[in-house]
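Examining the three-dimensional arrangement
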Amino acid sequence: MSAENRPSFAGLEVGQVVAEREVAFSRDSLVRYAGASGDFNPIHYNDAFAESVGLPGVIAHGMLTMGTAASVVEEWAGPGNIVDLQTRFARPIPVPAMGEAEVAITAKVGALDAEATTARIDILVEFEGQKILAKAQAVVACA
Amino acid sequence: MPVNTEAVGRAYGPHEPYEVTRVKIREFADAVDAYSFAHRSEEAARAEGFPDVVAPTTFAVVIAQQAEFHVVVDPEVGVDFSRVVHADERFAHHRPIIAGDLISATVHIDDIKQRGGISTVTTRTELTDEDGSPVSTVISTLAVREEA
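For the rest of this paragraph, the subject is the overall build of chain B. Helix and strand counts for chain B come out as 3 helices and 6 strands. The linear arrangement of helices and strands in chain B, starting from the amino end, is β-β-α-α-α-β-β-β-β. On the principal axes, the C-alpha backbone points of chain B span a range of 55 × 30 × 20 Å. Sorting the 148 residues of chain B into buried and exposed places 39% on the buried side.

Attention now goes to the overall build of chain A. When helices and strands are counted, chain A shows 3 helices and 6 strands. Scanning chain A from its N terminus toward the C terminus, one meets helices and strands in the order β-α-α-α-β-β-β-β-β. If you line up chain A on its principal axes, its C-alpha atoms span 50 × 30 × 20 Å. Counting the 143 residues in chain A, one finds 41% classified as buried.

Let us now look at the interface of chain A and chain B. The interface is formed by 35 residues belonging to chain A together with 34 residues belonging to chain B. At the level of elements, helix H1 (27-37), helix H3 (62-77) and strand E2 (82-89) of chain A are the ones that each hand at least two residues to the side of chain A that touches chain B. At 10 residues, H3(A) tops the list of elements feeding residues into the side of chain A that touches chain B. The sheet contact formed by E2(A) and strand E3 (residues 84-93) of chain B spans 5 bridges and is antiparallel. Bridge assignment links Gln86(A) to a residue of E3(B), and that residue is Arg90(B).

Before going further, it helps to examine the pairing of E2(A). When E2(A) meets strand E6 (residues 133-141) of chain A, the two strands line up antiparallel, connected through 6 bridges. What sits directly across from Leu85(A), in E6(A), is Ala138(A).

Our next topic: the packing of H1(A) against helix H1 (residues 22-31) of chain B. How two helices pack is summed up by the angle between their axes together with the distance between the axes. In contact at an axis separation of 9 Å, H1(A) and H1(B) are set at 150° when each is read in the N-to-C sense. Our classification of the angle between H1(A) and H1(B) gives roughly antiparallel. Here H1(A) runs over H1(B); the crossing is left-handed. From H1(A), Arg32(A), Tyr33(A), Ala36(A) and Ser37(A) reach across to H1(B), where they touch Glu27(B), Phe28(B) and Ala31(B).

In this structure, Ala69(A), Val73(A), Ile123(A), Ala138(A), Val140(A), Ala60(B) and Ile63(B) are the most contacted members of the largest nonpolar core, which totals 78 residues. In terms of residue count, the dominant contributor to this core is H3(A) (8 residues).

This brings us to the environment of Ser104(B). Residues and elements named next belong to chain B. Looking at the secondary structure, you find Ser104 in strand E4 (residues 102-115). In this structure the C-alpha to C-alpha distance between Ser104 and Asp129, which are 25 residues apart in sequence, comes to 6.3 Å. In this view, Ser104 contacts Pro14, Pro17 and Thr128; residues no more than four positions away in its chain are not counted.

For the rest of this paragraph, the subject is H3(A). Residues and elements named next belong to chain A. Look at H3: 22 Å from first C-alpha to last across 16 residues, which is about the 22 Å you get at 1.5 Å a residue. For H3, the tally of buried residues reaches 14 of 16 residues, placing the bulk of the element in the interior. Residue Gly78 follows H3 closely and has a positive phi angle near 90°.

Residue and element names in this part refer to chain A. Summarising the element assignment, Arg27 is placed in helix H1. Given 19 C-beta atoms within a 10 Å radius, Arg27 is considered partly exposed. Sequence separation between Arg27 and Gln86 is 59 residues, and the spatial gap between their C-alpha atoms is 25 Å. Setting aside residues up to four positions removed in sequence, Arg27 forms contacts with Val95 and Ala97.

The rules we used
Residues numbered from 1 in each chain as written. Chains lettered and ligands numbered in written order. Predicted model: local features only at pLDDT ≥ 70, side-chain atom pairs only at ≥ 80, totals over all residues. Helix = DSSP H or I, 4+ residues; strand = E, 2+ residues; numbered from the N terminus. Buried ≥ 20, exposed ≤ 12 C-beta atoms within 10 Å, placed from the backbone. Contact = placed C-beta atoms within 7 Å. Pairing = 2+ DSSP bridges. Axes fitted to C-alpha atoms, helices over the stretch in contact; angles between N-to-C directions. Parallel < 35°, antiparallel > 145°, perpendicular 65-115°, else oblique. Left-handed = near helix turned anticlockwise from the far one by under 90°. Core = buried A, V, L, I, M, F, W, Y, C linked by C-beta atoms within 7 Å. Expected span 1.5 Å × (residues − 1).

Listed below in structure tokens is the structure:
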């Protein structure tokens, strides 16, 4: 982390929304993430394969969702300042062959640690009104 | 074939170090919509206090998943990759990953559980730099759905 770009701890309040974004995942997003990450599991691009292993169809990489959620927090926190990030993947996001899956991401202050000068940011990721990530939390080093 | 619970405690690696490049950081930043110029320009990264282009928060997964693959393909662990879904992920960053880093990964099988038709395999991948200093700890749980 770098002290230069940390967000200010003073003035933060529990419950405060620090960042939010709507994102649209398409098959293009999935192929792009597969290439960038090296995760070529065919459940993320091949419908027939996905169905053969009991899925409703192609689903987004959990790490695409987590990575994008982190990017929303990072827009406020500054690069390099998320020191801890965790989530449980509660539900998959099916992504249609044509069109997009619209996902809403909201990041709010969940807890503040004045001694460590860190903020716990709770991240809500919703698709069709349901929570996609469970216990999605980022710990941000503040100044 | 069920997952072998006796594989807990196994470790794999480190294998050949992963070389972090500016191009890969930019490609990953584009894929996860991380907009900061500090992922794209050395100058912008320096202005924010980094020695070179800095990786997005979850970039460590690129290196960790390569290491975790050694677990998935170990026939003595018995994971059917086609039936794997990702259950949990956690990153504890000891410092940011920067372009030019040479990162070594060692993956440990910390836990294997079987309940119902689901097995879970939890791995912990320790990423270290050229000096052997810790960079990130990546904890990942895969769920393997047994054939019905």
